Amino acid sequence: MAELVYALALGASAERLASSSLALGTIKFMGNIESMKIFVVVKAHAKEDSVEKIDALNYRVSVKAPPVDGKANEAVEKLMADLFNVPSKLVRVLKGHTSKKKIVEVRF
């Protein structure tokens, strides 16, 4: 419930939240949520691409891509877009471009 409240406070649409991993059941939404920020710890050069949800706002992401020329960041953005069921262009790394700890924005 807290993650939905946080997501709603940041402005995501009810339709997008209902289809994302944040949906926790039937809840009446009021207003629109435009984006949310999540914390991601990235492991580059992994055997396979994967996303592990730690809690409402923290994720562990493994990508096959190397951390060279932004390739790992692009892979993270694509995986998070798939997870939240939004186009890749609506997901971007805000902070931590050269770090394994990142803040990622997901727009709805």
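Note that the coordinates shown come from a computational prediction; the quantities given were computed from them, not determined experimentally. (Residues numbered from 1 in each chain as written. Predicted model: local features only at pLDDT ≥ 70, side-chain atom pairs only at ≥ 80, totals over all residues. Heavy atoms only, no water.)

(A) The pattern of salt bridges, seen in detail. In total, this model carries three salt bridges according to the counting rule given. Arginine 92 is the partner of glutamate 105 in a salt bridge, and the nearest nitrogen-oxygen pair spans 2.8 Å. In this pair, glutamate 105 is assigned in strand β5 (residues 101–107) and arginine 92 in strand β4 (residues 91–95), connecting sequence segments 13 residues apart. Residue glutamate 105 is classed as buried on the basis of its relative accessible area of 9%. The exposure class assigned to arginine 92 is partly exposed, which follows from its relative accessible area of 41%. (Salt bridge = Lys/Arg side-chain N within 4 Å of Asp/Glu carboxyl O. Helix = DSSP H or I, 4+ residues; strand = E, 2+ residues; numbered from the N terminus. Buried < 20%, exposed > 50% of the residue type's maximum accessible area, 1.4 Å probe, protein only.)

(B) Main features of the layout of surface pockets. Estimates place the volume of the largest pocket at around 170 Å³. Along its surface, the largest pocket is lined by 15 residues, and Pro67, Ala72, Asn73, His97 and Lys102 are the ones closest to its centre. Counting only elements with at least two residues in the lining of the largest pocket, the list comes to β1 (35–43) and α3 (71–84). Broken down by element, the lining of the largest pocket gets its largest block of residues, three residues, from α3. For the lining of the largest pocket, the class distribution of residues is five nonpolar, five polar and five charged. (1 Å grid on protein atoms, 1.4 Å probe; cavity = no way out; pocket = protein on both sides within 12 Å on 5 of 7 lines; lining within 4 Å. Points joined across faces, edges and corners; volume = space filled by probe spheres on them. Nonpolar A, V, L, I, M, F, W, Y, C, P; charged D, E, K, R; others polar.)

Read these as geometric descriptors, not functional statements.
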